[in-house]
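Next come the chains, spelled out residue by residue.
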Amino acid sequence: MMRISGLLVEAGNFSDLGEIPLSPHRHLCAKNARVLAVGGEEPAAYGPSMRQMARYQKHYPLRDFVSHRYRLQDVDAAMHKAIEPDSIKVVLEPWS
């Protein structure tokens, strides 16, 4: 689902869902795709990304990326849902 010459940033994927089938030619080279994997950042490192998301939220449906929302007291259920194949982004809403 990435455009030609697109950049995929995989930031902080902390759940191992196993291997995926990937054709380097079809999925990466033919699209001239770039992949950047990032992990282990300090909390302050998220600031620039958060500002960029805020700046472009009118252009991209970022809220639609959240597939499931849970109350803080349901954190256990949220953690289990986060590793299921039908979840995209699981969010805890402590104010709910």
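Residues numbered from 1 in each chain as written. Predicted model: local features only at pLDDT ≥ 70, side-chain atom pairs only at ≥ 80, totals over all residues. Heavy atoms only, no water.

*Asks:* What exactly am I supposed to notice about the overall build of the protein chain here?
*Replies:* In terms of helices and strands, the protein chain carries 3 helices and 4 strands. Reading the helices (α) and strands (β) of the protein chain from amino to carboxyl end gives β-α-β-α-β-α-β. Relative to the 2.2 N^0.38 estimate, which gives 12 Å for 96 residues, the radius of gyration of the protein chain is 16 Å and therefore markedly larger than a compact globule would have. Principal-axis analysis of the C-alpha atoms places the extent of the protein chain at approximately 45 × 35 × 25 Å. Across the 96 residues of the protein chain, 9% fall into the buried class. Considering only contacts within the protein chain whose residues lie at least 6 apart along the sequence, 45% involve residues at least 24 apart. Counting every atom, the protein chain has about 8400 Å² of accessible surface; 59% of that belongs to carbon and sulfur. The positive charge centre, built from 12 side chains, and the negative charge centre, built from 11, are 13 Å apart in the protein chain. (Helix = DSSP H or I, 4+ residues; strand = E, 2+ residues; numbered from the N terminus. Rg over C-alpha atoms; globule rule 2.2 N^0.38 Å. Buried < 20%, exposed > 50% of the residue type's maximum accessible area, 1.4 Å probe, protein only. Contact = heavy atoms within 4.5 Å. Areas by Shrake-Rupley, 256 points an atom, 1.4 Å probe, with all protein chains shown as cover. Lys, Arg positive; Asp, Glu negative; His and termini not counted. Charge placed at Lys NZ, Arg CZ, Asp CG, Glu CD.)

*Asks:* Got a minute to help me understand unusual backbone geometry in this structure?
*Replies:* Leaving glycine aside, a negative phi is the common case for residues, and trans is the common case for peptide bonds. If you check the backbone angles, Ser-5 has positive phi at about 65° while not being a glycine. Among the secondary structure elements, Ser-5 is positioned in the segment before β1 (7-11). One non-glycine residue, Asn-32, lies in the positive phi region at around 55°. Structurally, Asn-32 can be placed in the loop between α1 (24-29) and β2 (34-38).

*Asks:* Explain the environment of Ala-37 to me, please; I cannot follow it from the model alone.
*Replies:* Among the structural elements, Ala-37 can be located in strand β2. Owing to a relative accessible area of 65%, Ala-37 belongs among the exposed residues under this scheme. Separated by 20 residues in sequence, Ala-37 and Gln-57 place their C-alpha atoms 22 Å apart.

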